[in-house]
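Coordinate analysis (summary)
If you want the building blocks of each chain, they are given just below.
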Amino acid sequence: MAQDHIRYDILAQEALRGVVRKVLSEVARTGLPGDHHFFISFVTQAPGVRVSQKLISQYDKEMTIVLQNQYWDLKVSETGFEVGLSFDGVNEMLLIPFSAIKGFFDPSVQFGLQFEVAEAQPGPRIVADPDDVDGDESSDVVETDETVAEDSGEKVVSLDSFRKK
């Protein structure tokens, strides 16, 4: 088999991440249409990810967030997105590069994408300070599925209860 010097695998991943960027940009501009909502899984230790130390200690490898009714300040750039969410009543801002996303799923239309993410390298990282986040209690807050499975030390959020039967 010939060697792929063009790297179609990387080009395809970048194109599909462009779909996520386009969708989130539109939602940031106009809001979620109809019943659409998103489960977004990402590698918490990936370069450029910015989350609080509290979340890193709870989700040291991977985390899934839900953008549905309760989120705020969604901002999308060429390289990633930032969104305000609440975890156990604490408002937090997350910065997630598109390169850190492992999965994107819209259960309202059964659409999903999976991505390859480069392994995170140990070392210093930027962690958001939850005390710096402004937010009032009436803001929308993301609710995550409370069914968390312990499997070989990783925390996994089950999507089964949200899938159409």
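Residues numbered from 1 in each chain as written. Predicted model: local features only at pLDDT ≥ 70, side-chain atom pairs only at ≥ 80, totals over all residues. Heavy atoms only, no water.

Glancing now at the overall build of the chain. Summing up its helical and strand segments, the chain has two helices and nine strands in all. Helices and strands in the chain line up, N terminus first, as α-β-α-β-β-β-β-β-β-β-β. Buried positions account for 38% of the 165 residues belonging to the chain. Within the chain, residue pairs in contact and separated by at least 24 positions form 60% of the contacts whose partners lie at least 6 positions apart. Accessible surface, the chain: about 10,000 Å² in total, of which carbon and sulfur atoms supply 50%. (Helix = DSSP H or I, 4+ residues; strand = E, 2+ residues; numbered from the N terminus. Buried < 20%, exposed > 50% of the residue type's maximum accessible area, 1.4 Å probe, protein only. Contact = heavy atoms within 4.5 Å. Areas by Shrake-Rupley, 256 points an atom, 1.4 Å probe, with all protein chains shown as cover.)

Located in the positive-phi region is aspartate 88, a residue other than glycine, with phi close to 55°. Position of aspartate 88 relative to the elements: it lies in the loop between strand E4 (80-87) and strand E5 (90-97). We note that glutamine 110 has phi near 55°; this positive angle belongs to a residue other than glycine. Looking at glutamine 110, the relative accessible area reads 42%, which means it is partly exposed.

Moving on, we get to the sheet that holds strand E3 (residues 72-76). Pairing is antiparallel across the open sheet formed by three strands, whose spatial order is E3-E4-E5. Unpaired on one side and paired on the other, E3 and E5 mark the two borders of the sheet. The mean inter-strand angle of the sheet, taken between neighbouring strand axes irrespective of direction, is 20°. Across three bridges, the pairing between E3 and E4 is antiparallel. Counted as the bridge partner of lysine 75 is glutamate 82 from E4. Of the strands in this sheet, E3 and E4 are in contact with helix H1 (residues 8-30), which crosses E3 at around 135°. (Pairing = 2+ DSSP bridges. Axes fitted to C-alpha atoms, helices over the stretch in contact; angles between N-to-C directions.)

Turning our eyes to something else, we now look at the confidence of the model for the chain. Across the chain, the average pLDDT comes to 80, with 72% of residues at 70 or higher. With pLDDT under 50 throughout, residues 123-159 is counted as low confidence; its partners more than four residues away or in other chains account for 65 contacts. (pLDDT = per-residue confidence, 0-100.)

Mapped onto the elements of the fold, glutamine 13 is located in helix H1. Once residues lying within four places of it in the same chain are set aside, the contact partners of glutamine 13 are Gln114, Phe115 and Glu116.

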